[in-house]
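Here's the letter readout for the chains.
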Amino acid sequence: MKICLIANPSHPGIEGRISFFAGKRYRVHLITVAPLPERVYLRLAEYVTIHSLCPEKYRDLPENGRFNFKLNIDEIKRLIAKINPDLIHAYYVYIYGWIAALCSSCPYIISALNSDIEFINRMSNTQKLLTLYSLERADAIIAVSGHLKKLIERLGIPSRKIHVLYKGVDCSIFKPLLVTRFLREKLNIGNTKNVIFSPRSFQNIYNIHIILESVPYVLSKVPDAKFIFASNIHIGNSEYIRRLQSIIDKLRIGASVRIVDFVLPRLMPYYYNLAKVFVSVPENDGTPASLHEAMACGCMPVVSDVPSLKQWINDGVNGFIVRQIDPKDTARAIINALKIRDDKYMKISAQNISLAGKKAAFKCGMVLTEKIYKQALLNRRNTCLMR
């Protein structure tokens, strides 16, 4: 099978999906209109044919600048015709799903995020029409949570073509009890156990500023706490990044904060193992891979009060919910997580490791994705025969 993925390969989880299908000996092509860091290109070029349509002058921009140019739909149509894929998979609806809908003649699948649908009423009329058209035309839709499936159904999309699949975690890689001494030394955080890790990129949708503003409150109760941020600056918002730096300077919290510009995928499990608490507080979210990765490593989750996350986290039982997304309530949840007794913490960690392994295993999700591909191809063939 020849598969064409339309996606930003820098987004979490995309690289793993590409390598999975390449490992199944599928011929995989990737079309992207986002800036493509050289390190990502070099990793992917070994097993996927890459077609980057981001103009040269935009290559060094962060992700938020990637669409400050007009997409040449005719050019993309010609490229897809040249690739001649059996199937297209777009990650996600916004831009990439639009491209699939406008340019493909073969079956196509869309993986949808909460933000693709949750903010549809904030979109322009053209964006709304493109989003609805993409969903209606898609042969199948993969939603990252049950809550998202319901939102898509409310738009009039038939339930039969919506599948709930979590992004998933490879539990052979993301696992507890990894040795993290080298990371402690690299980050210069000493021997403190009170480490808080935020792996979400430096974009305002993830409320990184709220986490930073919670730091003084946390330090007032847990003075040796250290906050580590995996900023992914290459897909961040430059203006927002400057705002975050000014918060650090204004609050004088630099000694308790570590910012890592880019974390190699192979090192990410060590960051979760180093941390006692994982924190992620966007106002809207799907089911991020980072949550499952943190759980699989035994890290205590502190997350937003959104439906897709409450399917996994029971407040005070296997993690903590931030009810009001503000610095004080974020600090409250983090402090509660840090102050749990060691015996209770170990019990919760074991519970989360088991839950991630049973319900969020990456390989199981990819096997189901492959079945969705094959069913979409079969359905399209049957439809053509009926004509």
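The coordinates are above.
Residues numbered from 1 in each chain as written. Predicted model: local features only at pLDDT ≥ 70, side-chain atom pairs only at ≥ 80, totals over all residues. Heavy atoms only, no water.

**A short note on the packing of aromatic side chains**
At step 1: By the definition in use, this model includes 13 aromatic pairs.
At step 2: Ring centres 6.0 Å apart and planes at 65 degrees place the aromatic pair Phe 174 and Tyr 272 in the edge-to-face group. With Phe 174 in the loop between strand S7 (162-164) and helix H8 (181-187) and Tyr 272 in helix H11 (residues 268-274), this pair connects stretches of sequence that are 98 residues apart. Of the two residues, Phe 174 and Tyr 272, neither departs from the other in class, the shared state being buried. (Phe/Tyr/Trp six-rings, centres within 6.5 Å; stacked < 30°, edge-to-face > 60°. Helix = DSSP H or I, 4+ residues; strand = E, 2+ residues; numbered from the N terminus. Buried < 20%, exposed > 50% of the residue type's maximum accessible area, 1.4 Å probe, protein only.)

**Here's the deal with unusual backbone geometry**
At step 1: Look at the link from Tyr 91 to Tyr 92: it is a cis peptide, with omega at 15 degrees.
At step 2: Positionally, Tyr 92 belongs in the loop between strand S4 (87-91) and helix H4 (93-103).
At step 3: Despite not being glycine, Arg 25 has its phi angle at roughly 70 degrees, a positive value.
At step 4: Here Arg 25 lies in the loop between helix H1 (14-23) and strand S2 (27-32).
At step 5: In this structure, Arg 252 is a non-glycine residue whose phi angle is positive, near 55 degrees.

**Regarding the sheet that holds strand S10 (residues 257-260)**
At step 1: Reading across from one edge, S10-S9-S8-S11-S12-S13 is the order of the six strands in this open sheet, with parallel pairing throughout. Edge positions in the sheet fall to S10 and strand S13 (320-322), since each of these pairs with one other strand and no more. When strand polarity is set aside, the average angle formed by the axes of neighbouring strands in this sheet is 20 degrees.
At step 2: Two elements, strand S11 (residues 277-280) and strand S12 (residues 300-304), share four bridges in a ladder whose sense is parallel. Pairing of Val 279 across the sheet is with Val 302, part of S12.
At step 3: Its contacts with the sheet put helix H14 (residues 327-338) on strand S8 (195-198), strand S9 (226-230), S11, S12 and S13, and the angle it makes with S13 is roughly 170 degrees. (Pairing = 2+ DSSP bridges. Axes fitted to C-alpha atoms, helices over the stretch in contact; angles between N-to-C directions. Contact = heavy atoms within 4.5 Å.)

**Some words on H14**
The α-helix winds at 3.6 residues per turn, so residues separated by three or four positions along the chain end up facing the same way.
At step 1: Here H14 is 12 residues long and its end C-alpha atoms lie 16 Å apart, about the 16 Å a rise of 1.5 Å per residue gives.
At step 2: H14 sits mainly inside the fold: nine of its 12 residues count as buried.
At step 3: For H14, the full list of buried residues reads Pro 327, Asp 329, Thr 330, Ala 331, Ala 333, Ile 334, Ile 335, Ala 337 and Leu 338.
At step 4: Those residues of H14 that are buried are in contact with S8, helix H9 (208-221), S9, S11, S12 and S13. (Expected span 1.5 Å × (residues − 1).)

**A closer look at the pattern of salt bridges**
At step 1: If you walk through the whole model with that rule in mind, you get eight salt bridges.
At step 2: Of the charged contacts in the structure, one is a salt bridge between Lys 24 and Glu 370, with a shortest N-O distance of 3.4 Å. Separated by 346 residues along the polypeptide, Lys 24 in the loop between H1 and S2 and Glu 370 in helix H16 (residues 362-386) bring together distant segments of the chain.
At step 3: What makes Lys 24 partly exposed here is its relative accessible area of 40%.
At step 4: Close ionic contact of Arg 380 with Asp 139 constitutes a salt bridge, the shortest N to O distance being 2.8 Å. On the criterion of sequence distance, the pair formed by Arg 380 in helix H16 and Asp 139 in the loop between helix H6 (125-137) and strand S6 (140-143) is long-range, its members being 241 residues apart.
At step 5: Arg 380 gets classed as partly exposed once you look at its relative accessible area, which sits at 21%.
At step 6: Three or more residues joined by partner-sharing salt bridges are found here, namely Asp 305, Lys 310, Asp 315 and Arg 323. (Salt bridge = Lys/Arg side-chain N within 4 Å of Asp/Glu carboxyl O.)

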